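Report on the structure
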Amino acid sequence: MQKFDNAREAALALRPDQPVYCFRPEVLKEDVRAFMGMFPGKTAYAVKTNGEPIVLKALSEAGVTAFDVASPAEFAAVRDVAPDAEMLYMHPVKAQSDIRLALEDYKIRIIAVDHEDEIAKLTRIVRALDIDPGSMKVFVRLQTKGHAAYELSKKFGATPAHAVELLGRLVRLGYQAGLCFHVGSQIEDPDTYERALASADWVRNRAGVKLCGLDIGGGFPAEYGHDPRRQAVEMPSLGQLMSRLRGDIKEWAFDDLPLVAEPGRVVVARAFSLIVRVLLRKGRRIYINDGIWASLSDSWTGKITLPARFIPDPARKTRSGNPETIVPFRVCGATCDSVDILSRPFWLPETVNTGDWIEIGHIGAYSLSLRTHFNGFYPDQFVEVVTPFGAGAEPESFASLETMAD
Ligand SMILES: *Cc1c(COP(=O)(O)O)cnc(C)c1O
């Protein structure tokens with residue numbers, strides 16, 4: 001991988017027409033070590049957030065020894081770069097053949113369920129493979145309520161009363177039983193974890209079984225850009241959030257249990273930025289070489305303000321407008337369909353034009369992993385970059401903001 005000090009240097013040296021991901025392994029290692037330093041338990045990185053081999057390898061080098069996986073492809077990706085790492089199979093609804101593969105070939109012994117039929121499915125395979133259920137930790141996924149940018153409890157999780165019953169069932173079948181939850185991604189309310197812990201406590205008391213662990217999932221918010229024209233959402237820093245979480249864990253008396261967290265976004269968001277090129281400007285509209293089917297999948301970035309830096313092409317000698325004036329541009333993506341228009345504008349210097357580049361920061365989470373091959377476009381070029389995106393002058397531009405007056 002070619003290495004540059006920063007994205008501007010990479011853009012000017014490579015003059016890329018295709019999107020380029022700028023990977024910052026040192027930032028990734030710093031962020032994951034910071035998380036591990038603050039969380040009083042095991043950190044299992046959620047592979048779906050960004051499962052690139054370079055990411056898994058850097059995390060493993062940084063000391064991550066556990067990974068939250070959901071599919072055979074994720075098992076293989078982890079095994080390839082970190083053969084000794086522990087895998088936690090935390091998807092509550094699994095194909096029978098995938099469970100068998102996990103247990104038989106990958107020797108996975110930690111698994112999540114949220115329904116009795118999933119326990120029945122698991123038990124058939126455990127018996128067929130002659131595995132001692134006592135060697136397995138089965139976590140009951142508990143439904144949670146709260147505010148996250150991406151709510152996931154609509155899809156997974158047992159109600160507290162149902163979770164009580166599932167825990168009892170697991171213990172009767174001879175499994176070690178634990179509780180897990182996942183509050184959604186990019187939480188927007190600092191009380192979220194406390195509410196989930198309170199619910200887990202209720203379930204534990206009613207179930208009256210010995211728990212083998214508590215897995216508090218992911219959801220920890222990454223710090224993204226902030227549009228100075230909008231009021232900032234007041235969120236505590238990760239340090240404050242974690243300090244509160246440690247207090248809540250003590251208060252609800254979960255501190256004597258083995259704890260697990262499954263951070264994704266907060267670990268990897270800052271580790272990548274993306275250089276895109278303006279293929280054409282038409283008035284207040286720009287056409288770029290990436291879009292919603294590739295790295296800018298709107299379902300995930302729509303509510304997030306990504307900081308961006310403008311990299312003007314020095315080959316363009318004439319420009320109109322004032323480089324200090326930041327204005328909204330409608331952004332059209334690379335594919336030939338009218339869906340591929342970002343629902344939010346990019347705010348850029350009004351001088352932006354055909355041939356210029358834009359570096360979009362903090363794009364490491366749920367961007368590369370959501371790329372598609374639609375229309376034959378699949379950004380897959382990487383460079384290594386040393387300087388963190390946030391270093392130096394404040395980014396002058398922003399991607400994906402609230403609304404745009406047409
Ligand atoms: C997606 C996911 C995570 C990671 O969530 P982040 O918000 O990225 O931290 C953790 N656990 C489970 C079960 C998940 O599905």
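Residues numbered from 1 in each chain as written. Predicted model: local features only at pLDDT ≥ 70, side-chain atom pairs only at ≥ 80, totals over all residues. Heavy atoms only, no water.

Further remarks concern the site of the ligand. In the vicinity of the ligand there are 15 residues, among which Lys-48, Ser-185, Glu-262, Arg-265 and Tyr-366 approach most closely. Lys-48 is positioned with one of its side-chain polar atoms (N or O) 2.6 Å from an oxygen atom of the ligand. Within the backbone of Arg-265, an N or O atom sits 2.8 Å from an oxygen atom of the ligand. For the ligand, whose accessible area on its own is 390 Å², the fraction buried by protein is 92%. Among the residues forming the shell around the ligand, the class breakdown is three nonpolar, seven polar and five charged. (Near = heavy atom within 4 Å. Polar contact = N/O pair within 3.5 Å; in protein donor to acceptor, adjacent residues only side chain to side chain. Areas by Shrake-Rupley, 256 points an atom, 1.4 Å probe, with all protein chains shown as cover. Nonpolar A, V, L, I, M, F, W, Y, C, P; charged D, E, K, R; others polar.)

Of all six residues in strand β15 (residues 306–311), six are buried; the element is thus mostly enclosed. Side chains Leu-306, Ala-308 and Phe-310 project from β15 onto one buried face, and the interleaved Pro-307, Arg-309 and Ile-311 project onto a second face that is buried too. The pairing of β15 with strand β20 (residues 397–399) spans three bridges and is classified as antiparallel. For Ala-308, the partnering residue across the bridge sits in β20 and is Ser-397. (Buried < 20%, exposed > 50% of the residue type's maximum accessible area, 1.4 Å probe, protein only. Helix = DSSP H or I, 4+ residues; strand = E, 2+ residues; numbered from the N terminus. Pairing = 2+ DSSP bridges.)

Turning our attention to the environment of Leu-257. Considering the arrangement of structural elements, one finds Leu-257 in the loop between α9 (238–251) and β12 (259–261). Residue classification places Leu-257 among the buried residues on the basis of a relative accessible area of 13%. Each C-alpha atom of the pair Leu-257 and Leu-211 lies 7.6 Å from the other, and the pair is 46 residues apart in sequence. Once residues within four sequence positions are removed from consideration, Leu-257 is found in contact with Leu-211, Gly-213 and Leu-214. (Contact = heavy atoms within 4.5 Å.)

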